[in-house]
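Reading the structure
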Amino acid sequence: MAKYKIEIDREACIGDNACCDVAPATFEMDDESIAIVTDAAGDEADTILEAAQSCPTEAIILHDVETDEKVWPEG
Ligand code: SF4
């Protein structure tokens, strides 16, 4: 089961592919060169967090599925 609910802010995504490089089984670029989620449980949770942290514009927002707590971005 997925640990995170993953949202992508399409306005913020600059299409640099970083998330796909880190977690290729979770993220993919769509035909507008914006990241999409293909499988929220595609990679290990730590890898998905790392992918979100690699995003230069903090376009990837993670919530814990069980608690609905926002995990990333912090603050
Ligand atoms: S790392 Fe961020 S900016 Fe880069 S493709 Fe993924 S969501 Fe878009």
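So, here's what we can say about the structure. (Residues numbered from 1 in each chain as written. Predicted model: local features only at pLDDT ≥ 70, side-chain atom pairs only at ≥ 80, totals over all residues. Heavy atoms only, no water.)

Quick look at the pattern of salt bridges now. The full count for this structure, using the stated rule, is 3 salt bridges. Two residues, aspartate 64 and lysine 3, come together in a salt bridge whose shortest N-O distance is 3.9 Å. Pair noted here: aspartate 64 is in strand S4 (residues 60-64) and lysine 3 is in the segment before strand S1 (4-8), with a separation of 61 residues, a long-range link. Classification of aspartate 64 as buried rests on a relative accessible area of 15%. Across the pair arginine 10 and aspartate 30 runs a salt bridge, and its minimum N-O distance is 2.9 Å. Taken as a pair, arginine 10 in the loop between S1 and helix H1 (18-22) and aspartate 30 in the loop between strand S2 (27-29) and strand S3 (35-37) lie far apart in primary sequence, 20 residues in all. A relative accessible area of 35% places arginine 10 in the partly exposed class. Aspartate 30 gets classed as buried once you look at its relative accessible area, which sits at 18%. What emerges from the salt-bridge pattern is a single network uniting Arg10, Asp30 and Glu32. (Salt bridge = Lys/Arg side-chain N within 4 Å of Asp/Glu carboxyl O. Helix = DSSP H or I, 4+ residues; strand = E, 2+ residues; numbered from the N terminus. Buried < 20%, exposed > 50% of the residue type's maximum accessible area, 1.4 Å probe, protein only.)

From the geometry alone we can't say anything about function, so treat these as descriptive.
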